Amino acid sequence: MSRRVVTLVLSAFLAAGLALGSTAVTVPYVALGPGEIRDTLASVDGRPVVDVTGAPTYPTTGSLYLPTVSVTDELTLFDAARMWASSRYALAPREQIFPPDKTFQQVQQDNTKAFTGSQSVAEDAVRTYLKPASPLKVTIDLKNIGGPSAGLVFALTIVDKLTPGDLLRGKSVAGTGEIRPDGVVGGIGGIRMKMIAAKEVGATAFLSPAENCKEALQTVPDGLRLVKVSTLTEAVNALAALGEGRDAPSC
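Residues numbered from 1 in each chain as written. Predicted model: local features only at pLDDT ≥ 70, side-chain atom pairs only at ≥ 80, totals over all residues. Heavy atoms only, no water.

## Describing the overall build of the protein chain
Check the secondary structure of the protein chain and you find eight helices and 12 strands. When the backbone C-alpha atoms are referred to their principal axes, the protein chain occupies close to 90 × 40 × 35 Å. Contacts in the protein chain between residues far apart in sequence, at least 24 positions, make up 76% of those at least 6 positions apart. Summed over its atoms, the accessible surface of the protein chain is roughly 13200 Å², and 56% of this surface lies on carbon and sulfur atoms. (Helix = DSSP H or I, 4+ residues; strand = E, 2+ residues; numbered from the N terminus. Contact = heavy atoms within 4.5 Å. Areas by Shrake-Rupley, 256 points an atom, 1.4 Å probe, with all protein chains shown as cover.)

## Observations concerning helix H5 (residues 151–162)
Compared with an ideal rise of 1.5 Å per residue, which puts 12 residues at 16 Å, H5 spans 17 Å between its outermost C-alpha atoms and is within 8% of the ideal. Taken across its 12 residues, H5 has 12 buried, putting it largely inside the fold. Of the positions making up H5, those classed as buried are Gly151, Leu152, Val153, Phe154, Ala155, Leu156, Thr157, Ile158, Val159, Asp160, Lys161 and Leu162. (Expected span 1.5 Å × (residues − 1). Buried < 20%, exposed > 50% of the residue type's maximum accessible area, 1.4 Å probe, protein only.)

## Notes on the pairing of strand S7 (residues 137–140)
Residues Val138 and Ile140 line the buried face of S7, whereas the alternating positions Lys137 and Thr139 sit on a face that is not buried. The sheet contact formed by strand S4 (residues 50–53) and S7 spans four bridges and is antiparallel. Of the residues in S7, the one forming a bridge with Asp51 is Thr139. (Pairing = 2+ DSSP bridges.)

## Quick notes on the confidence of the model for the protein chain
Averaged over all residues, the pLDDT of the protein chain is 88; the fraction at 70 or higher stands at 91%. In the model, residues 5–17 has pLDDT below 50 throughout and makes one contact with residues more than four positions away in sequence or in other chains. (pLDDT = per-residue confidence, 0-100.)

## So, the pattern of salt bridges
Under the counting rule described, the total for this entry stands at 12 salt bridges. A salt bridge links Asp110 to Lys102; its shortest N-O distance comes to 2.5 Å. For Lys102, a relative accessible area of 37% puts it in the partly exposed group. Close ionic contact of Arg225 with Asp247 constitutes a salt bridge, the shortest N to O distance being 4.0 Å. Highlighted residues: Arg225 in strand S12 (residues 225–229) and Asp247 in the segment after helix H8 (232–243), separated in sequence by 22 residues. Accessibility expressed as a relative area gives 33% for Arg225, which makes it partly exposed. Judged by relative accessible area, which is 71%, Asp247 ranks as exposed. Among the charged side chains, a network of salt bridges with common partners joins Glu123, Asp124 and Arg127. (Salt bridge = Lys/Arg side-chain N within 4 Å of Asp/Glu carboxyl O.)

## Observations regarding the sheet that holds strand S6 (residues 90–93)
Taken in spatial order, the six strands line up as S6-S1-S5-S8-S11-S12 in an open sheet, and their pairing is mixed. Here the strands that pair on one side only, and so sit at the sheet edges, are S6 and S12. Strand-to-strand twist in this sheet, taken as the mean axis angle between neighbours without regard to direction, amounts to 35°. Strand direction decides the pairing type here: strand S8 (residues 172–175) and strand S11 (residues 205–209), joined by three bridges, are parallel. Looking across to S11, one finds that Gly175 is bridged to Leu207. The strands touched by H8 are strand S5 (63–72), S8, S11 and S12; relative to S12, the strand with the most contacts, the crossing angle is about 150°. (Axes fitted to C-alpha atoms, helices over the stretch in contact; angles between N-to-C directions.)

## Digging into the packing of H5 against H8
At their nearest, the axes of H5 and H8 sit 10 Å apart, and the two run at 60° to each other. Judged by the angle between their axes, H5 and H8 are oblique. In this structure, H5 meets H8 at a crossing whose hand is right-handed. Contacts from Leu152, Ala155, Leu156 and Val159 in H5 reach Leu232, Ala235, Val236 and Leu239 in H8. For the contact of H5 with H8, the residue count by class is eight nonpolar, no polar and no charged. (Parallel < 35°, antiparallel > 145°, perpendicular 65-115°, else oblique. Left-handed = near helix turned anticlockwise from the far one by under 90°. Nonpolar A, V, L, I, M, F, W, Y, C, P; charged D, E, K, R; others polar.)

## So, the layout of surface pockets
Considering only enclosed or pocket space, the largest pocket measures out at about 960 Å³ in volume. Elements that contribute at least two residues to the lining of the largest pocket include exactly strand S1 (29–39), S5 and helix H4 (104–130). Here the residues of the lining of the largest pocket are counted per class, giving 15 nonpolar, 12 polar and five charged. (1 Å grid on protein atoms, 1.4 Å probe; cavity = no way out; pocket = protein on both sides within 12 Å on 5 of 7 lines; lining within 4 Å. Points joined across faces, edges and corners; volume = space filled by probe spheres on them.)

See below:
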């Protein structure tokens, strides 16, 4: 065979090998994308997602969405390239999500613990905000969700149920953010993916922690109103403004 033919044959074998490897060899990255999104004001199978007892509660309307981030592991080179090219996903080193010194089960336990903690802290923030005279009992029925970033939405849901009137007045709003017992709202990760999930489910506005605003502004989906919040009080006022069709602080 001529040198040219040999070169072509070797190139074809090399390309085939790379193609095969791209679909078989995993890379040390995970893909972060839009995850499940839950309406915390809704009921599932006749039971409220967030149930509040121990004090008078009031009817609510509209939807208050809690978005999450999905994690796709065991990516091949082909998977990673395909997801990286998509606007729905971002790649992150696997060790950032699954530290090498922890098992998969330990990571899940940590996320569950953080999620449970966000419920407790949300209750504390509501007590600080409303100062209710009866002890509150809050039951939250959400499964397969982890991390601390649900605190703000939990607190807003409890406040809406415990206060007369209707904050959302039928509107659909999503939000995210850690919360402290004093009501201060902290930043979170994965806001781009959470905004995508919110837009796809029909939310018209998204509550963003102030420290996430710069990042969020770079990737906010068209038609989704971005609202800046730093405290539970600001978030409650923002929901009331959105429900009434008034201006709310934007990023």
